[in-house]
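# Residue-level structural notes
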Amino acid sequence: MSEIWTPPYPEPGSANDAAFIGIGEIPSGVYRERGFMAQIVEASARAIKDAQLSHTDIDQIVLIPCLHGIPDQADLIFSRVAEELGLHGKVKSSVMVHSGGSTSDNATRMAAGLIASGQARNVLVVYSERWGSADLQDMIDMLSVNGIPREWEAPTGLQFNAIGGLITQRYMHQSGSSAEEMAAICVALRDWANLNPNAMYYAKKLTIEKIVNSKMISDPIHAFECPFLADGAGAFVMTSATEAAKKQDAWVRIGGSGGCVSHYAAGQDADLGVLGWVEAAKEAYEAASWGPEDADLGEVYDSYAAVLAIALEGLQISSKGEAAREFHKGRFSPGGEFPLNTNGGLLSAGHTGVGGGTALLIEGIRQLLHRGDDRQVPNARRCIVGGTGGSYMDAQIMMLERATR
Amino acid sequence: MATADVLKDTGYIQNDTELTGPFAAALAKGNLIVQKCNDCAALIMYPKYRCPACFSGSLGWEQVSGAGQLQTFTILRYGPPSTFDVEAPYGIGIVKLDEGPQLMCRLHPGPDGTWDHYVCNQRVSFAPADAAEIAERAAAWFTAA
Ligand SMILES: [Zn+2]
């Protein structure tokens, strides 16, 4: 039996404690005229400005991958971003990190590690995705080939809406949640999106009736419960607490993190109604020395309603089996007891591929920096961020804390 | 150096054809088999290059009863992959076999042509598709027990 290992996290206030100091974002939706690299440069520029840095202060670039095409992904891999930002000859390295929807958490861990170990000073993390403008059948095929075991599960005709259907069926059976209670999850997210000018569905309302009367796509998931593929881009800048204190009154630190890879193949998870959240939460809460009862808000991956409900229960933000009913009662809606996915989440801000999880992370940072405008959670100090990738293969948790000089 | 002179590196499964071939061949004959570790007797799905339990590379196959429990299921009604030449709707499920391993499968419709009779955790049994279907798509099919 392997010994229990408690990682030594940096103490708050230690010199090399990693700090988020700036964010940048452009609106999500269908923006055919916006190019991939143009989106990257614009989001990066906004984040660098927000961090009160100049572009030449960046010495490390960490790239969140795009999924819409190999040529653009190759541009990420081969340092095009460094050159486009005028940082060739200046940055130490430009590197892509990839674990699908949980990339934001893993990229953050990597950036924080580089900062804590003195190997980077100011790290730019950026994503850009063009799913909204891509050919729909191409995207369906991409989401039925990549991440699904070609030898074992592709021969059943599995694709990602079907995985969403399998997880939702299991969750509804275990929790006894009704179709209306599941639909309430999407409605709560839409209500948040209606407060976010960068959200794909900022200007469109959604109701439970509209959802349950939409056509069945992959039972028990209706059309309005499927994520809408979007174009979008976002970025953030990380540095050390020492550097942050030079210019910032407040920044965001990582109180701890936890993670669990529960499967590769959807058919192999021990329980699709549970996934890896329980294990990951145990680790994250121990590392941070605080838990769900201390959190002011959450930003948790939500490409399907049940995926979010299962995560909330594993995180103990909801009690077992009650997440959908709590949504139905308004607990997670604007004005509710626990603000959640305050940008509208992937389901209503737009599913920007790997970027969807990054957008949630950026929203968590935004809230803790108190830059949330109309949707600012008053005096937000602690935020639980949750990510998951592929066929919900992993559960990744970041415990974010507001820090002040 | 002639090809024949190249030393053959043997004693392990070398590619996914070797790994998956026996499963598809059994399905074509109407049999359901799973991988079995020759050292610790663990039953393994999906087959691996090494036993997940004891890490042995000595692996064989064993026929299973085909009885199991339906963990969950869905009926895909829109957007089948273009590489998957089957018209929607079709039923997909995850079955946990009585012997332990679980796998993604296709579900037969009932006599009424629908999948409305399925519920999570119900008993199901292996009901092989014909060899022509398996030649196209090597999936295990199950039906309500
Ligand atoms: Zn073994």
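Since the structure is predicted, the reported quantities are computational estimates derived from the model, not experimental observations.

### Here's the deal with the overall build of chain B
Broken down by element type, chain B carries two helices and eight strands. When the helices and strands of chain B are listed from N to C terminus, the series reads α-β-β-β-β-β-β-β-α-β. Dimensions of chain B along its principal axes, counting C-alpha atoms only, are 65 × 35 × 25 Å. In chain B, buried positions account for 43% of the 145 residues. For chain B, contacts bridging at least 24 residues in sequence account for 51% of all contacts bridging at least 6. For chain B, the computed accessible surface area is about 7300 Å², with 52% contributed by carbon and sulfur atoms.

### Quick look at the domain arrangement of chain B
Residue and element names in this part refer to chain B. Parsing chain B into structural domains produces domain 1 (3-63) and domain 2 (67-144). Each of domain 1 and domain 2 was reduced to a C-alpha centroid, and the two centroids are 24 Å apart. At the junction of the two partners, domain 1 supplies 12 residues and domain 2 supplies 14 residues. For the pair domain 1 and domain 2, the two sides together bury roughly 990 Å², of which 79% comes from carbon and sulfur. When residues of domain 1 are sorted by the area they lose upon contact with domain 2, Leu-27, Leu-32 and Met-45 head the list and together hold 46% of the total. Our count for the domain 1 to domain 2 interface comes out at zero salt bridges. Seen at the junction of domain 1 and domain 2, the total is one residue pair in polar contact (both at pLDDT 80 or more).

### Section: the nonpolar core
If you look at the biggest cluster of nonpolar residues, it comprises 98 residues, and the most contacted ones within it are Leu32(B) and Phe142(B). Counting 33 residues, the second largest nonpolar core, distinct from the first, contains Val97(A), Tyr127(A), Val252(A) and Leu361(A).

### Re the side chain of Gln122(B)
Residue and element names in this part refer to chain B. Summarising the element assignment, Gln-122 is placed in the loop between β6 (102-107) and β7 (123-126). Among the polar contacts made by the side chain of Gln-122, one reaches the main-chain amide nitrogen of Val-119 at a distance of 3.0 Å. Residues within four places of Gln-122 in sequence aside, it is in contact with Gly-68, Gln-69, Leu-70, His-117, Ala-144 and Ala-145.

### Points about the packing of helix α6 (residues 160-175) of chain A against helix α11 (residues 305-314) of chain A
Residue and element names in this part refer to chain A. Look at α6 against α11: their axes get within 9 Å of each other, and the N-to-C directions meet at 50°. With respect to α11, the axis of α6 lies oblique. Pair α6 / α11 crosses with left-handed handedness. Contact residues: α6 offers Ile-167, Thr-168 and Tyr-171, while α11 offers Ala-306, Val-307, Ala-309, Ile-310 and Glu-313. Residues of the contact of α6 with α11, tallied by class, amount to six nonpolar, one polar and one charged.

### Thoughts on the packing of aromatic side chains
A full pass over the atoms with the stated rule returns 10 aromatic pairs over all chains. For the pair Phe73(B) and Tyr118(B), a centre-to-centre distance of 6.1 Å together with 50° between the ring planes defines the contact as tilted. Of this pair, Phe73(B) sits in strand β4 (residues 67-76) while Tyr118(B) sits in the loop between β6 and β7; the two residues are 45 residues apart in sequence, bridging distant segments of the chain. As far as the burial class goes, Phe73(B) and Tyr118(B) line up, both buried. One aromatic cluster is present, formed by Trp152(A), Phe23(B) and Tyr46(B) through successive ring pairs. Here the basic side chain of Lys215(A) rests over the ring of Tyr78(B), its NZ or CZ set 4.1 Å away from the ring centre. One residue, Arg50(B), lies across the ring of Phe55(B), its end atom 5.6 Å from the ring centre.

### Looking at the interface of chain A and chain B
A common way to state how big an interface is: give the accessible area lost once the parts meet. The interface of chain A with chain B comprises 31 residues on the first partner and 34 residues on the second. Contact between chain A and chain B buries roughly 2800 Å² in total, counting both sides, with carbon and sulfur atoms accounting for 58%. The tally of links between chain A and chain B comes to one salt bridge. Where Asp219(A) meets Arg77(B), a salt bridge forms, and the shortest distance between an N and an O atom there is 2.6 Å. Taken together, chain A and chain B are joined by 17 residue pairs in polar contact (both at pLDDT 80 or more). Looking at the side of chain A that touches chain B, the elements with two or more residues in it are α5 (136-145), α6 and β5 (216-218) of chain A. When residues of the side of chain A that touches chain B are assigned to their parent elements, the largest contribution, six residues, is made by α6(A). For the side of chain A that touches chain B, a count of residues per class yields 13 nonpolar, 11 polar and seven charged.

### Remarks on helix α10 (residues 277-288) of chain A
All names here are of chain A. Over its 12 residues, α10 extends 16 Å from the first C-alpha to the last, a length consistent with the 16 Å expected when each residue adds 1.5 Å. Within α10 the residues assigned to the buried category are Trp-277, Ala-280, Ala-281, Ala-284, Tyr-285 and Ala-288. Projected down its long axis, α10 carries its buried residues within an arc of 120°, all on one side. Counted as exposed and oriented over 90 degrees from the buried face of α10: Lys-282 and Glu-286. The inward-facing, buried residues of α10 abut β8 (250-261), β9 (297-300), α11, β10 (382-387) and β11 (394-404). Once α10 finishes, Ser-289 follows within two positions and takes phi at roughly 60°, a positive value.

### Notes on the coordination of the zinc ion
The coordination sphere of the zinc ion, as far as protein atoms go, consists of Cys37(B) (SG), Cys40(B) (SG), Cys51(B) (SG) and Cys54(B) (SG), spread over 2.3 to 2.4 Å. Taking the relative accessible area as the measure of exposure, Cys37(B) reaches 2% and is therefore buried.

Calculation criteria
Residues numbered from 1 in each chain as written. Chains lettered and ligands numbered in written order. Predicted model: local features only at pLDDT ≥ 70, side-chain atom pairs only at ≥ 80, totals over all residues. Heavy atoms only, no water. Helix = DSSP H or I, 4+ residues; strand = E, 2+ residues; numbered from the N terminus. Buried < 20%, exposed > 50% of the residue type's maximum accessible area, 1.4 Å probe, protein only. Contact = heavy atoms within 4.5 Å. Areas by Shrake-Rupley, 256 points an atom, 1.4 Å probe, with all protein chains shown as cover. Domains from an automatic or database assignment. Buried area = accessible area lost by both parts, 1.4 Å probe. Salt bridge = Lys/Arg side-chain N within 4 Å of Asp/Glu carboxyl O. Polar contact = N/O pair within 3.5 Å; in protein donor to acceptor, adjacent residues only side chain to side chain. Core = buried A, V, L, I, M, F, W, Y, C linked by side-chain atoms within 4.5 Å. Axes fitted to C-alpha atoms, helices over the stretch in contact; angles between N-to-C directions. Parallel < 35°, antiparallel > 145°, perpendicular 65-115°, else oblique. Left-handed = near helix turned anticlockwise from the far one by under 90°. Nonpolar A, V, L, I, M, F, W, Y, C, P; charged D, E, K, R; others polar. Phe/Tyr/Trp six-rings, centres within 6.5 Å; stacked < 30°, edge-to-face > 60°. Lys NZ or Arg CZ within 6 Å of the ring centre and 35° of its normal. Expected span 1.5 Å × (residues − 1). Arc of directions from axis to C-beta. Donors = N, O, S within 2.8 Å, 3.2 Å for Na, K, Ca; no water.

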